[in-house]
Structure formats: C-alpha cells, structure tokens
Amino acid sequence: MRQFITESLLFKCKINELIAYVDDQLENSDCWTKEVLYFQLACAHCLDRSWPDACENVIHMLNISAESDIGSKPIFDTDLSSTFTNNDSSIQPAFTIVKQERLRKLVYDIAYHILFRVYTSTAMDHDNDQLLGALLVLSQIDFATKGYQCFNRIMRHVEAKGSLRSAGLVKYISNIAILEELSRIQDYCSEYVSILIAIPQVQRRIGQSTRHSVRGTKDGQKQSIEEQIKKCGEDPYVTVSTYFTENKEGILKMLGAKF
C-alpha cells in the first residue's frame, strides 16, 4: 500500500506531498524499503530539478547497498535456489533479490542523469574539475556498452580545456582501458594536456629522498597511474560507490547544496 501511494504521488508529479510522505515512512522502514523510498525521492527531486537533493538520495542508496551482501556480486553468482530450500524465514524470495539487484544498478543511471544535466547546464562552469572527475569515475559503469561514450565525451573536453586537476582521483579508477588512455596522454600529450590525479603526497621533510615527493611531477603522475593499473580488478560498482560515498560533501557542494 505504501509503495502504491508513493508511486501514485510520483506519477502525478506531486513532489512536495511525496517528499513529506516518504520522510515519515523512512524512520521505521527496513533496508530494502528504504532503498525503494530513496529511489523514489531521487526521481522526485530530478523531476523538480533539485540536483543536490536527488544526488544525496542516490548516495543514501549506495550506502545501503554497501552495507548489504546482496548486490556486492553479480546476480549470476548468487545461488537463488537456496532461497527456496533454506528454512530461514529471513531469506527473501529469488524475485526480490533480482529486483534489488536491478534497482541497485539503476541508481547509477540516475547518477548519470544528474551529472549530465548539470554538465549540460549553462549555469555550470564546465571547467569544474570535480564535475569532470565525477563523470570520469562514473563512466566505468557498463563501460563496454555506454560508459565509453561518457568517457570519450569527457576526455574531449579535458583535452580542449588542457587539464584535469583532481588529486586522488586515480584511486577510484579500476578500469584498465581508462587508465591506459590516461597513461597514453601522459606519454604523448603532456605538453598540451595536464592530468593531475595522483594521490596527494605528504609534504617532504628536509633531507628526505625526492622519490617520496615525486607524485606531484609529470613522472609521478604517470607512476601513480601505472601503479593503479597493476591493482585493476575491483568491481566497478564497488569503486564508483566508494567514490560517491567518500566524496559526498564535495559532490553535493559542486551541485549547489547549501550546508
């Protein structure tokens, strides 16, 4: 019944009524219900063009997903048959697990929508490195089918702009194709494009070897990318989710949130 009410309000675009109703329901809801409610709130705020609020609800969904075992691995790796043979009453039916998995992937589509709407907005400064970095990280999702289009679009802008300055961004990139392209730019295009995404290094002490502070240099950036290539293999959903949750405040400020 609650889901029918929220979906009805969303369908009728009664945004304020939906937000008020969902806020009352969140406190006493289980994790799965909260995910659905946050999803509906994100959709409502997108309709209202309130991008910071929409993104905040997306991040809430990512936090719930990170705390749950379901969604931490692909659905085809989950033994769905056990949901019918196990006598544990807390086990959910297989169709529910599939629905959760689909919802937790759909959340990245909402993130795409939010960031691209902001990216194409005339009110946003397209030289915003954090926006470009967030889109670059997000492009890892479904890279083979659609993510590469996002990546190519962002890199064209980075090359035209002449730089991408987002210290520490490299640790949120686990896609080898993206890392190899960034490495190629460091090798052949560094005179025209400056890529500064290495993890910030602590200030060098007097007498300390220069190898400890190399990451701020061209060679240091390349070295950092090469080190990350060796670590490739992490699930892109985990990588992207970690980026959004760990950089929540900065992302929301970028989108115009008031704190």
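Remember, predicted model here, so these are calculated numbers, not experimental data.

**Overview of the pattern of salt bridges**
Turning to step 1, where the next piece is worked out: Throughout the structure, instances matching the rule amount to five salt bridges.
Turning to step 2, where the next piece is worked out: Close ionic contact of Glu56 with Lys248 constitutes a salt bridge, the shortest N to O distance being 4.0 Å. A residue pair is termed long-range when its members are at least 10 positions apart, and Glu56 in helix α4 (residues 51-67) and Lys248 in helix α12 (residues 248-254) qualify at 192 residues.
Turning to step 3, where the next piece is worked out: Judged by its relative accessible area of 25%, Lys248 falls in the partly exposed class.

**Observations concerning helix α11 (residues 236-246)**
Turning to step 1, where the next piece is worked out: Restricting attention to buried positions, one finds in α11 the residues Tyr237, Thr239, Val240, Ser241, Tyr243 and Phe244.
Turning to step 2, where the next piece is worked out: For α11, the capping residue at the N-terminal end is Asp235, with a side-chain oxygen 2.9 Å from the backbone nitrogen of Tyr237.

**Things to note about unusual backbone geometry**
Turning to step 1, where the next piece is worked out: A positive phi is found at Arg49, a non-glycine position, where the angle reads about 60 degrees.
Turning to step 2, where the next piece is worked out: Structurally, Arg49 can be placed in the loop between α3 (31-47) and α4.
Turning to step 3, where the next piece is worked out: Residue class for Arg49 comes out exposed when judged on its relative accessible area of 55%.
Turning to step 4, where the next piece is worked out: At Asp142, a residue that is not glycine, the phi angle is positive and equals roughly 50 degrees.
Turning to step 5, where the next piece is worked out: On the basis of relative accessibility, which here comes to 34%, the residue Asp142 falls in the partly exposed class.

**Describing the packing of aromatic side chains**
Turning to step 1, where the next piece is worked out: Per the stated rule, a full pass over the model turns up six aromatic pairs.
Turning to step 2, where the next piece is worked out: Aromatic pair Tyr108 and Tyr237: ring centres 5.2 Å apart, planes at 65 degrees, arrangement edge-to-face. Taken as a pair, Tyr108 in helix α6 (residues 94-119) and Tyr237 in helix α11 lie far apart in primary sequence, 129 residues in all.
Turning to step 3, where the next piece is worked out: Ring-pair connections join several aromatic residues into one group, and the members of that group are Tyr112, Phe116 and Tyr119.

**Some details on the side chain of Ser224**
Turning to step 1, where the next piece is worked out: Note on placement: Ser224 falls in helix α10 (residues 218-230).
Turning to step 2, where the next piece is worked out: A residue is classified by how much of its surface remains accessible, and Ser224, at 5% relative accessible area, is buried.
Turning to step 3, where the next piece is worked out: Beyond its immediate chain neighbours, meaning those up to four positions away, Ser224 contacts Val170, Ala198 and Ile199.

**A closer look at the nonpolar core**
Turning to step 1, where the next piece is worked out: Core analysis: the biggest nonpolar cluster contains 64 residues, and Ile114, Leu115, Leu138 and Phe244 have the highest contact counts within it.
Turning to step 2, where the next piece is worked out: Listed by contribution, the elements that provide at least two residues to this core are α3, α4, α6, α7 (129-138), α8 (143-161), α9 (176-188), α11 and α12.
Turning to step 3, where the next piece is worked out: Looking at this core element by element, the count peaks at 11 residues for α6.

Cut-offs applied
Residues numbered from 1 in each chain as written. Predicted model: local features only at pLDDT ≥ 70, side-chain atom pairs only at ≥ 80, totals over all residues. Heavy atoms only, no water. Salt bridge = Lys/Arg side-chain N within 4 Å of Asp/Glu carboxyl O. Helix = DSSP H or I, 4+ residues; strand = E, 2+ residues; numbered from the N terminus. Buried < 20%, exposed > 50% of the residue type's maximum accessible area, 1.4 Å probe, protein only. Polar contact = N/O pair within 3.5 Å; in protein donor to acceptor, adjacent residues only side chain to side chain. Phe/Tyr/Trp six-rings, centres within 6.5 Å; stacked < 30°, edge-to-face > 60°. Contact = heavy atoms within 4.5 Å. Core = buried A, V, L, I, M, F, W, Y, C linked by side-chain atoms within 4.5 Å.

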